[in-house]
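Architecture at a glance
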Amino acid sequence: MPAARIDISIVAPVYNEEATLPVFYEALKKVLEGMALPYEIIFIDDGSGDGSVEIIRHLARKDPAVRYLLLSRNFGHQPAVMAGLDHCRGACAVIIDSDLQDPPEVIPALYEHYRRGFEVVNTRRARRRGENLFKRATARLFYALLAKITDFDIPLDAGDFKLIDRKIIDHLRQMPERHKYLRGQIAWLGFRQTTLEYERQPRHAGSSGYPLKKMIRLAWDGITAFSNFPLKVATWSGFLVSFLAFVIILYALYSKFILHETITGWTSLIVSSMFVGGIQLMSIGIIGEYIGRINSDVRRRPVYIISESNGE
Ligand code: UDP
Ligand code: MG
């Protein structure tokens, strides 16, 4: 029997969201029922340590539209979303956080734009409520930098809350990189894209699974996946240091042979060798980041492992 047609797949990664999940599900369900289209909801549990899995299993038992994938451990938000995209069957998919920061009420508007012919409907956070100044400022800075150093349009200040067409899903699945940076990959793909504004809500409950460390990791992935800018920084600092060294050598020769004064001192030696050492280490580090990416792409390990799912 051919599978029934599904118009819209909801892809919702879950990591320790037991307090929010039932509320999120109810809100989502209400919106989807209002749209009167065949849909499926895919929860991807990213190795939660709380009661999220029990809640998901319970929802799947009572609602045939709910499917779930349990990952074998915490793989991170991007791999979790990718797992959902790999297994969704809809003609389009909406990627949405399950902590109610992305309001499900926006989905009909996303779908409306999709129906008008856009393959990608991005969302843009008009205001970020409940996020501190530091997170807002760093996010803004990062997107501005990324826009500067990449040569295609990454929508500013857009998260992963978006609707994408089946074509986009299929292309994403064929992109071989192991470090996923979906918002960048989707922007890179092109097609007709548009952006909707909405107000980002504060977290319903629980705490962000994106502490500073993970944010920096994601930012690095974004930069190294789409730009060789850091490598250029390494090259240019090499040139700059060589130039400075040249000037200082001229000065040293001048003072020895013309002024007949030798420059003495420990300070100048230590300062210059530490400066050069610092630049060298930084450049090696930058090269290392790129080699690390190559390394994990060469190993070709799966991006995530599924330990359990319902349905086929
Ligand atoms: N999430 C995940 N794996 C992780 C961290 C987060 O699947 O390792 C999920 C989380 O449950 C939520 C979404 O990804 O649905 C966004 O995470 P979070 O709210 O922690 O990020 P923030 O909104 O603070 O950027
Ligand atoms: Mg959140």
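The paragraphs below set out a description of the structure included in this document. (Residues numbered from 1 in each chain as written. Chains lettered and ligands numbered in written order. Predicted model: local features only at pLDDT ≥ 70, side-chain atom pairs only at ≥ 80, totals over all residues. Heavy atoms only, no water.)

Re the overall build of the protein
- The helix and strand inventory of the protein stands at 10 helices and eight strands.
- Its C-alpha radius of gyration of 25 Å places the protein more than 25% over the 20 Å reference for a compact globule of 312 residues.
- Along the first, second and third principal axes, the C-alpha atoms of the protein reach 95 × 40 × 40 Å.
- In the protein, which comprises 312 residues, the share counted as buried stands at 46%.
- In the protein, the share of contacts with a sequence separation of at least 24, taken over all contacts with a separation of at least 6, comes to 82%.
- Entry remark: accessible area of the protein is about 16800 Å², with carbon and sulfur atoms responsible for 62%.
- If the 39 positive side-chain charges of the protein are averaged to one point and the 34 negative ones to another, these points end up 3 Å apart. (Helix = DSSP H or I, 4+ residues; strand = E, 2+ residues; numbered from the N terminus. Rg over C-alpha atoms; globule rule 2.2 N^0.38 Å. Buried < 20%, exposed > 50% of the residue type's maximum accessible area, 1.4 Å probe, protein only. Contact = heavy atoms within 4.5 Å. Areas by Shrake-Rupley, 256 points an atom, 1.4 Å probe, with all protein chains shown as cover. Lys, Arg positive; Asp, Glu negative; His and termini not counted. Charge placed at Lys NZ, Arg CZ, Asp CG, Glu CD.)

Some thoughts on the coordination of the magnesium ion (ligand 2)
- Each protein donor to the magnesium ion (ligand 2) is listed here as Asp 99 (OD) and Gln 101 (OE1); together their distances run 1.8 to 1.9 Å. By the burial criterion, Asp 99 is buried, and Gln 101 matches it. (Donors = N, O, S within 2.8 Å, 3.2 Å for Na, K, Ca; no water.)

Examining the side chain of Ser 227
- With respect to the helices and strands, the residue Ser 227 is situated in the loop between helix H8 (212-226) and helix H9 (229-257).
- Within the local environment of Ser 227, its side chain forms a polar contact with the backbone nitrogen of Phe 229, the two atoms lying 2.8 Å apart.
- The residues contacting Ser 227, other than those within four sequence positions of it, are Ile 149, Thr 150 and Tyr 290. (Polar contact = N/O pair within 3.5 Å; in protein donor to acceptor, adjacent residues only side chain to side chain.)

Remarks on the environment of Phe 24
- As for its placement among the helices and strands, Phe 24 is situated in helix H1 (residues 21-35).
- Taking the C-alpha atoms as reference points, Phe 24 and Leu 100, separated by 76 residues in sequence, lie 5.9 Å from one another.
- Dropping the residues within four chain positions of it, Phe 24 is found in contact with Ala 12, Phe 43, Ile 96, Asp 97, Ser 98, Leu 100 and Pro 104.

Section: the pattern of salt bridges
- Enumeration according to the criterion identifies 14 salt bridges in this entry.
- Between Arg 116 and Glu 112 there is a salt bridge whose closest N-O contact spans 3.9 Å.
- Under the relative-accessibility criterion, Glu 112 is labelled partly exposed at 40%.
- One network of salt bridges, in which partners are shared, links Lys 29, Glu 33 and Asp 63. (Salt bridge = Lys/Arg side-chain N within 4 Å of Asp/Glu carboxyl O.)

Describing H1
- With 15 residues, H1 extends 21 Å from end C-alpha to end C-alpha; this agrees with the ideal 21 Å at 1.5 Å per step.
- Those residues of H1 that sit buried are Leu 21, Phe 24, Tyr 25, Ala 27, Leu 28, Lys 29, Val 31, Leu 32 and Met 35.
- Its buried side turned inward, H1 meets strand E1 (8-14), strand E2 (39-45), helix H2 (52-62), strand E3 (66-71) and helix H4 (107-115).
- Once H1 ends, the next one or two residues include Ala 36, with phi positive near 50°. (Expected span 1.5 Å × (residues − 1).)

Section: the pairing of E1
- The buried fraction of E1 is high, at seven of seven residues.
- The handedness of the E1 to E2 crossover, carried by H1, is right-handed. (Right-handed = clockwise from strand over helix to strand, strands pointing away.)

Considering the environment of Ile 223
- Residue placement: Ile 223 occurs in helix H8.
- Residue classification places Ile 223 among the buried positions, given a relative accessible area of 11%.
- It is 10.0 Å that separates the C-alpha atoms of Ile 223 and Tyr 143, two residues lying 80 residues apart in sequence.
- Residues contacting Ile 223, with those up to four places away along its chain left out, are Phe 142, Leu 145, Leu 146, Ile 149, Pro 230 and Tyr 290.

Just distances and angles here, no functional claims.
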